[in-house]
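Structural features, examined
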Amino acid sequence: MSILKKFVFVLSITFFLFTFSALSTYGETEDLRERLNKIEKTVNNLIEVIEDHVPLEAPKDFAFQKNLYLGMKDDDVRNLQIVLNFDSDTRVAQTGYGSPGNETDYFGPATKDAVKRFQEKYKDEVLDPVGMDSPNGFVGSHSRAKLNSILEEIAYYVDLLDALEDVLERIEGIEEKIDDLDKEDEKEDSDSEPFSCIRPGTITFDNPTEGVNEIASWERVDDANNGYAVEYQINGGDWESASLGVSQRNTPGTVKTTIGFTQFGSAGNTIRLRVKSRCGDDLVSSWRYSTTRTVQGVDLECNTPSPVNFSNPIKGEDYNASWPKVENAVNGYDVEYQINSDWYSDPWESLGFVSQPSGNTVNFTIPKTLFSNEGDLVSIRVKSKCSASESEWRIVPNRVVKSSGFCTTSDHYGTDGTIDGDTVFCDNNGNLWSTTVDYKMQWSDAVSYCNSISYAGKTNWKLPEWDDLRNDFGSSACGWEPYTGHLGGGSGQSSCLSFEWDKDGTFLQYWTITEQDHSSAWHILFDDGFINGGYKGNEYHVRCFHE
């Protein structure tokens, strides 16, 4: 048991000894209730501090047992981000992906930077023991040991929170005992007074919603001819009337009163009511307390725009982004952008605001000044703004700015052309392909070849992913359907590819950069459209790809 939990346990025992002593000492139960309210307020304040500063979603009965590094996608990475976000010095991100409450299972650049800050902060425990002078962002044995010690610290606070919650339950139990004492007093009063004015029975009061009125009700008391007093309390604070007095109904049944939403404040507040019946000129019953209720947030189903359409832009030209209209986005949409940035953590710049359209589609013009440099990676994100809430950002990452000229309009899609004297093919998505290399090579040589060439006045060529090669050439325009189709035409030639036949009369097989395992990679056979795995030491043909 942690020291903090031991403290709370001792505090709770002392508290109950005091309370039961007080029950036998004080004659006025109202005085006892006020004392309980003060204790309850203190406990609620402690709970609020813990919930604000401790990641209660941290995994229980979990320990980091394996190394974590850039590029991993694993539940352990999500737990790593939760622990890093426990400390503002090592937080992965302030908002969006990777921020507190928005942790992901992907170990990206932002997570690596956060690990470096963590290693630097605990240098004497993580780096010094292994003779390292600077952090490397790799979560090894010493980093895991420190992370696990922080998990133990979080567990201490979770234990403390459980103990405090137990104290609140015990307070409620004592209040019930005080209610029993009040019942005995009322019975004595009813024997001597001409009235049978008792407190209202069970008070019905649902969990209120932020910004919405609430109804409280209880059974009518026949002798409560002067009505009822109603008060409320927020987060264990002082009791307030706020003119919630209720007159007596003339007919039997249930008494109801409307509680204005201004009494609830923000979502997450804890609200309590108390009611007492007022009889005759002098006789007033004891207060009757409702159960504590938590104010709920407003759910307007302010959905994220999906999908956002934004294709690869052309250098020096305005471009259009569009997305389906969100019905509840009465306040419109915010649009932001990044250029050559890490969209997990780097700052975003505003592109402006878009009002809710009358039609079904939202259109937004992106100015050509964003697309001034060929090869820039431009990312766009859109957030719908509803009357009382905002959706999450919808991100369209890394659209590559292309140069003007061939393959910039749909007229060129699916055709061959020439750039700087080199023959290129423009596929149906506006991407460029080199001609087929006229000799075969092993997989590693193919990767290096495409990464190093300068072709058609461009660098940054690459060996294609298998779905680039399959999807961009797998269309009726090229005479080939993926998997089940074949190259069209009686001669086996496709309108989209040159050199389909090898010198020995067989169809070409093309390498992709997509690996099957450490020793094999996928390649596509253009005789039947199937994708097969092949040993990386085999020699196949190559065609390079440029977005």
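Turning our eyes to something else, we now look at the overall build of the protein. Per the secondary structure count, the protein includes eight helices and 20 strands. Scored against the burial criterion, the 547 residues of the protein give a buried share of 44%. In the protein, the share of contacts with a sequence separation of at least 24, taken over all contacts with a separation of at least 6, comes to 63%. As displayed, the protein has an accessible area near 27,900 Å², and 46% of this comes from carbon and sulfur atoms.

This brings us to the side chain of S379. Here S379 lies in strand β12 (residues 377-384). Among the polar contacts made by the side chain of S379, one reaches the main-chain amide nitrogen of N398 at a distance of 2.9 Å. Ignoring sequence-local partners within four residues, the contact set of S379 consists of E336, Y337, Q338, W343, W348, V396, P397 and N398.

Time to look at the sheet that holds strand β13 (residues 394-400). The four strands are arranged β10-β9-β12-β13 in an open sheet whose pairing can be described as antiparallel. Two strands close off the open sheet at either side, each with one partner strand: β10 (349-354) and β13. For this sheet the average axis-to-axis angle between neighbouring strands, irrespective of direction, equals 20°. As defined by bridge partners, strand β9 (residues 333-339) adjoins β12 across seven bridges and the pair is classed as antiparallel. Counted as the bridge partner of I339 is V378 from β12.

Further remarks concern the sheet that holds strand β16 (residues 432-434). Sheets are built from strands paired through backbone hydrogen bonds, the pairs being either parallel or antiparallel. Taken in spatial order, the four strands line up as β14-β15-β16-β20 in an open sheet, and their pairing is antiparallel. Of all the strands in the sheet, the pair left with one neighbour each is β14 (415-419) and β20 (545-546).

Attention shifts here to the packing of aromatic side chains. The full count for this structure, using the stated rule, is eleven aromatic pairs. With centroids separated by 5.9 Å and ring planes inclined at 75°, the aromatic side chains of F310 and Y319 adopt a geometry described as edge-to-face. Residue class for Y319 comes out partly exposed when judged on its relative accessible area of 22%. Each residue in the set F310, Y319 and F371 is aromatic and connected to the rest through ring pairs, giving one cluster.

Let's shift gears to the environment of V362. With respect to the element layout, V362 can be found in strand β11 (residues 361-366). Those residues in contact with V362 that lie beyond four places of it in its chain are A321, S322, W323, K325, Y333, V354 and P357.

Time to look at the state of the cysteines. A complete count under the given rule lists one disulfide for this structure. Across a sulfur-sulfur distance of 2.1 Å, C450 and C544 are joined as a disulfide pair. Here C450 and C544 share a disulfide; its torsion about the S-S bond, -80°, makes the bridge left-handed. Of the two residues, C450 is situated in helix α7 (residues 443-452) and C544 in the loop between β19 (531-535) and β20; the sequence distance between them amounts to 94 residues.

What follows is about unusual backbone geometry. Even without being glycine, N235 reaches a positive phi, approximately 55°. The topology assignment puts N235 in the loop between β3 (228-234) and β4 (254-259). Here N340, not a glycine, exhibits a phi torsion of approximately 55°, which is positive. Checked against the element boundaries, N340 lands in the loop between β9 and β10. Here N340 falls in the partly exposed class, since its relative accessible area comes to 47%.

Before going further, it helps to spend a moment on the confidence of the model for the protein. With 74% of its residues at a pLDDT of 70 or more, the protein has an overall mean of 75. Per-residue pLDDT stays below 50 along residues 189-195; that stretch engages in four contacts with residues further than four places along the chain or on separate chains. pLDDT under 50 marks residues 474-501. Its contacts with residues more than four places away, or in other chains, come to 73 contacts.

This part takes up a negative patch on the surface. A contiguous patch of negative charge on the surface is contributed by E48, E51, D162, E165, E169, E172, E176 and D180. Where the negative patch is concerned, the elements lending two or more residues are α2 (29-53) and α6 (141-192). Counting residues per element, the negative patch draws most heavily on α6, which supplies six residues. Following the sequence through the fold, E51 ends up in helix α2. Accessibility expressed as a relative area gives 42% for E51, which makes it partly exposed.

With that out of the way, let us pick up the pattern of salt bridges. Under the defined criterion, the tally for this structure stands at ten salt bridges. The residue K66 makes a salt bridge to D74 at a minimum N-O spacing of 2.8 Å. Relative accessible area serves as the criterion here: at 35%, K66 is assigned to the partly exposed category. When the shortest N-O distance is used, the salt bridge between K121 and D89 registers 2.9 Å. In this pair, K121 sits in helix α4 (residues 109-121) while D89 sits in the loop between α3 (75-84) and α4, placing the two residues 32 residues apart along the sequence. Since its relative accessible area comes to 39%, K121 is described here as partly exposed. Each member of the salt-bridge network shares a partner with another, and the members are D87, D89 and K121.

So, about the environment of N225. On the secondary structure map, N225 appears in the loop between β2 (214-219) and β3. Classification of N225 by relative accessible area gives partly exposed; the value is 48%.

So, about α7. Three or more residues of α7 are buried, namely W443, A446, V447 and C450. The arc that holds the buried residues of α7, viewed along the axis, is 100°, so those residues lie on one side.

Here is what the cut-offs are and how they apply
- In every chain, residue numbers begin from 1 and rise along the written sequence.
- Selection of residues for local features in this predicted model requires a pLDDT of at least 70, selection of side-chain atom pairs for listing and counting requires 80 or more, and totals for whole chains, interfaces and linings are taken over all residues.
- Side-chain numbers here rest on the full set of heavy atoms in the structure, without hydrogens or water.
- Helix and strand assignments come from DSSP, with helices taken as H or I runs of at least 4 residues and strands as E runs of at least 2, each series counted from the N terminus.
- Think of it in three bands: residues with accessible area under 20% of the maximum for their type are buried, residues over 50% are exposed, and the middle band is partly exposed, with areas taken using a 1.4 Å probe on protein chains only.
- Between two residues, a contact is recorded if the distance between any of their heavy atoms is within 4.5 Å.
- Only the protein chains shown count as cover for residues, with accessible areas throughout obtained via the Shrake-Rupley method and a probe of 1.4 Å.
- As used in this structure description, the phrase polar contact means that two N or O atoms lie within 3.5 Å; if the pair is within protein, one of them must be able to donate a hydrogen and the other to accept it, and residues adjacent in sequence are counted only when both atoms belong to side chains.
- Note on pairing: DSSP must find at least two bridges between two strands before they are called paired.
- A fitted line through C-alpha atoms serves as each axis, taken over the contacting stretch for helices, and the angle formed by two N-to-C directions is quoted from 0 to 180°.
- A pair of aromatic rings is counted whenever rings of Phe, Tyr or Trp (Trp by its six-membered ring) have centres within 6.5 Å, and the orientation is called stacked for planes under 30 degrees apart, edge-to-face for over 60 and tilted otherwise.
- Two cysteine sulfur atoms make up a disulfide if the distance between them is within 2.5 Å.
- You can read pLDDT as the predictor saying how much it trusts each residue, on a scale of 0 to 100.
- For patches, a residue must show more than 30% relative accessible area and have no salt bridge; joins then use 9 Å for like charges and 5 Å for nonpolar side chains, namely Val, Leu, Ile, Met, Phe, Trp and Tyr.
- A carboxyl oxygen of Asp or Glu within 4 Å of a side-chain nitrogen of Lys or Arg is what we treat as a salt bridge.
- Charge counting treats Lys and Arg as positive and Asp and Glu as negative, with His and both chain ends excluded.
- Just so you know, the charge point we use is NZ for Lys, CZ for Arg, CG for Asp and CD for Glu.
- An arc is given here, and it is the one of the directions from the helix axis to the C-beta atoms.

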